[in-house]
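Take a look at the letters that make up each chain.
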Amino acid sequence: MEEVDVEPAVTNIPAASDAKHLGFAWGPGDILVYETLYKASGAQGSGCSFIHEVRKDEDIYSPNLRKLFNESHHIFVGLQTIREDLPSKNKKPQFVSISKNYRSVIRACMEELQQVAVSTKDAEVATQYGNQVSILLAIELIWNLCEVLFIDAAPAGSLLLHLLDWVRLHKADVDEKATEVLQSESPAEHHDYWDVVVSYVLQGRLEEARQMLVKQATLHPAARNMYKLMDNLLSKMPFYNPGGTQTLTEFDVKWRHWHGEVNRCLQDNSFASNKHLDIICKIIVGDEDTLLEHKELLSTWYHFLVTRLLFSHPTVKPTELHYYAQSCMTMFLDARSVPEPLDNILLAAFEFDIHQVIKECSFGSNLREFLLLEYASGLFTHHSLWQLAVDYFDHCPEFGRVYLELQIEHIPLDTERKALKVLRICEQRQMSEQVRSICKIMAMRALRNNRLGSALSWSIRAKDAAFATLISERFLQDYCTRGTFSDLDLIDNLGPAMLLSDRLTFLGKYREFHKLYGEKRFSEAAKLLLSLMTAKIAPRSFWMTLLTDALPLLEQKEVIFSADQTHELMFCLEELTSSLSHSAAGTDKPTQDDDIEQTKVELLRLALARNLAMAIIKEGTIDA
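Residues numbered from 1 in each chain as written. Predicted model: local features only at pLDDT ≥ 70, side-chain atom pairs only at ≥ 80, totals over all residues. Heavy atoms only, no water.

## Brief notes about the pattern of salt bridges
Pairs may arise between side chains of opposite charge once their charged atoms sit close together.
Item 1. On inspection of all chains with the given rule, the structure shows 20 salt bridges.
Item 2. One salt bridge connects Arg 107 with Glu 140, and the closest N-O pair in it is separated by 2.9 Å. Of the two residues, Arg 107 sits in helix H2 (residues 91–119) while Glu 140 sits in helix H3 (residues 123–151), which places them 33 residues apart along the sequence.
Item 3. Under the relative-accessibility criterion, Arg 107 is labelled partly exposed at 24%.
Item 4. As a salt-bridge pair, Asp 173 and Lys 171 come within 2.9 Å of each other at their nearest N and O atoms.
Item 5. Residues joined in a network through salt bridges with shared partners are Arg 103, Arg 107, Glu 140 and Glu 147. (Salt bridge = Lys/Arg side-chain N within 4 Å of Asp/Glu carboxyl O. Helix = DSSP H or I, 4+ residues; strand = E, 2+ residues; numbered from the N terminus. Buried < 20%, exposed > 50% of the residue type's maximum accessible area, 1.4 Å probe, protein only.)

## Quick word on the nonpolar core
Item 1. By size, the foremost hydrophobic cluster in this structure holds 75 residues, and its most contacted members are Leu 163, Trp 166, Leu 213, Met 230, Leu 277, Trp 301 and Phe 350.
Item 2. Those residues in contact with Trp 301, other than ones at most four positions away along the chain, are Ala 325, Cys 328, Met 329, Phe 332, Asp 343, Leu 346, Leu 347 and Phe 350.
Item 3. Within the second largest apolar cluster, 71 residues are counted, among which are Phe 393, Leu 413, Ile 438 and Leu 553. (Core = buried A, V, L, I, M, F, W, Y, C linked by side-chain atoms within 4.5 Å. Contact = heavy atoms within 4.5 Å.)

## What about the packing of helix H18 (residues 386–394) against helix H20 (residues 416–428)?
Helix packing geometry: the angle between the two helix axes and the distance between the axes.
Item 1. Between H18 and H20, the least distance of the axes is 12 Å, while the angle of their chain directions is 5°. As far as their axial angle goes, H20 and H18 are roughly parallel. Of the residues in H20, those touching H18 at Trp 386, Gln 387 and Val 390 are Lys 418, Lys 421, Val 422 and Ile 425.
Item 2. Partitioned by chemical class, the residues of the contact of H18 with H20 number 4 nonpolar, 1 polar and 2 charged. (Axes fitted to C-alpha atoms, helices over the stretch in contact; angles between N-to-C directions. Parallel < 35°, antiparallel > 145°, perpendicular 65-115°, else oblique. Nonpolar A, V, L, I, M, F, W, Y, C, P; charged D, E, K, R; others polar.)

## Let's talk about unusual backbone geometry
The phi torsion of most residues other than glycine is negative, and most of the peptide bonds are trans.
Item 1. A positive phi angle, close to 70°, is found at Ser 299, a residue other than glycine.
Item 2. Position of Ser 299 among the secondary structure elements: in the loop between helix H12 (295–298) and helix H13 (301–312).
Item 3. One non-glycine residue, Phe 352, lies in positive phi territory at about 60°.
Item 4. Mapped onto the elements, Phe 352 comes out in the loop between helix H15 (341–350) and helix H16 (354–361).

## Description of a nonpolar patch on the surface
Item 1. Judged by side-chain polarity, Leu 32, Tyr 34 and Ile 51 come together as a nonpolar surface patch covering roughly 280 Å² of accessible area.
Item 2. With respect to the element layout, Ile 51 can be found in strand E3 (residues 51–55). (Patch = residues over 30% accessible without salt bridge, like charges linked within 9 Å, V, L, I, M, F, W, Y side chains within 5 Å. Areas by Shrake-Rupley, 256 points an atom, 1.4 Å probe, with all protein chains shown as cover.)

## Overview of helix H25 (residues 502–518)
Item 1. Taking 1.5 Å as the rise per residue, H25 with 17 residues should run 24 Å; its terminal C-alpha atoms sit 24 Å apart, in good agreement.
Item 2. Of all the positions in H25, only Arg 503, Leu 504, Thr 505, Phe 506, Leu 507, Gly 508, Tyr 510, Arg 511, Phe 513 and Leu 516 are classed as buried.
Item 3. Immediately downstream of H25, the backbone of Lys 520 shows phi near 60°, a positive value. (Expected span 1.5 Å × (residues − 1).)

Here it is as structure tokens:
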């Protein structure tokens with residue numbers, strides 16, 4: 001096994017001297033350390049009664065970072081499906097899009113952490129969140145560069161444009177400073193004015209630089225021609241357009257012509273009387289000494305690299321990057337300073353050494369966790385030992401959760417009993433996405449086997465409204481065919497679960513109507529039946545069934561439906577028959593089903609008319 005490059009951090013344990021023997025016990029993410037009763041020969045003194053808890057870095061338990069892990073896991077699962085489905089030529093845009101999604105999740109987490117760090121009053125907590133932001137910032141910086149170089153694999157011309165975007169994204173302080181300058185009473189006289197202008201130029205944001213220079217030209221009319229000349233040079237600087245008709249060779253010729261014009265202005269001392277414009281001229285001509293004089297504004301060697309390429313080698317090829325990167329880092333860093341780990345990672349990326357990038361980025365999960373993860377992954381392939389593996393994953397605080405989520409996806413749910421075991425494991429660990437997935441699989445399997453009750457139960461457990469609607473439709477179709485409901489116990493005890501979908505609500509309420517009718521609570525049954533139609537809860541395809549169910553109530557000796565309720569039923573019937581007549585207009589001959597439907601309509605009209613007359617007489621008698 002390869003040796004660890006970085007020495008492990010030393011943890012000092014109070015009250016434990018070198019002469020003492022220590023015992024320890026592993027815990028889930030921490031270690032309990034204690035002095036033993038064993039004494040070496042010649043050792044004196046009594047043992048210490050303290051037990052020390054040695055905890056690992058707790059950043060992974062941060063709720064903000066947990067959100068990052070969960071969201072990035074969803075992207076990862078989606079990436080696996082793309083890998084097989086797409087032909088090779090179509091994968092690159094998808095991979096770039098997924099990479100940007102990953103970075104978007106990281107940046108969202110950074111912003112959230114920054115807000116928490118600012119709002120908290122605890123200095124220690126603020127420092128902890130600040131450190132987490134710094135780590136995520138470095139991760140996103142490296143990831144973005146790797147996206148440009150390895151995933152997007154931008155060619156010459158486009159490469160520099162991507163690197164400019166990379167630098168601008170990670171050097172955003174110039175915008176804050178520019179806002180402060182522009183909001184002042186006299187922006188051109190602000191002490192940071194020229195820093196903003198030069199920073200814009202260093203980032204290749206020449207349009208913003210020109211707008212800032214206009215303010216200075218207005219303040220100094222005598223030097224207007226000099227500012228106009230600089231504005232002309234900045235406006236004429238060519239940028240490569242990957243989607244345009246211009247070839248890279250044509251762009252290079254045009255750029256060299258512009259560069260020669262800037263160089264002539266410098267040789268003619270066109271800006272000698274204005275040191276600021278002279279500096280800008282030296283920058284855009286690519287003068288390395290002038291660039292290095294502005295280390296404070298560049299702040300990093302890789303910003304210096306991109307600026308140097310912009311004004312000296314805009315058509316740089318990917319294979320040439322390593323030469324410029326190494327020379328820029330050497331020139332930018334002090335001879336006595338040692339490159340930081342981040343510098344080495346970025347340099348490895350510019351050298352297209354992806355293996356070194358991965359090696360440098362590996363913060364190194366401890367050996368114990370690595371071995372546990374490997375062992376548990378092996379257990380998961382066994383048909384029955386996978387349950388033991390869950391406990392091993394639980395005791396891997398850094399990557400155990402992620403490994404468990406991935407392995408759960410591949411467990412074959414052969415029986416309902418096994419599915420319930422897996423589900424219980426997921427629910428105990430609040431793995432909501434996996435819970436929904438298991439319930440959907442089991443619901444679909446039950447539906448294929450025509451076990452509607454089981455399918456509905458699983459879909460409710462998954463809180464899947466769409467699937468619950470589908471199964472409710474099957475229940476209703478089954479009722480129309482057979483005239484009775486199956487799985488009455490489940491439907492009778494839906495409770496609040498019936499609110500999961502409109503169709504499920506209707507199913508529960510329609511069953512409630514049948515119960516009321518069976519208990520001879522006709523008035524309540526009639527009211528509920530009418531409400532199902534007027535509130536539009538019942539599907540239009542089921543209206544005829546509901547109206548048919550109303551027939552026995554209309555035929556009762558006692559008036560059940562009031563005059564108003566009867567009018568509403570008549571309105572529903574006419575609305576239904578109107579839609580049926582429109583749909584039947586395109587057919588040539590009426591079918592047997594059409595004749596049956598027409599007979600039902602006539603019977604309903606007759607019953608409604610008779611009930612209306614009785615209701616009017618009854619209500620008139622009461623009023624009198």
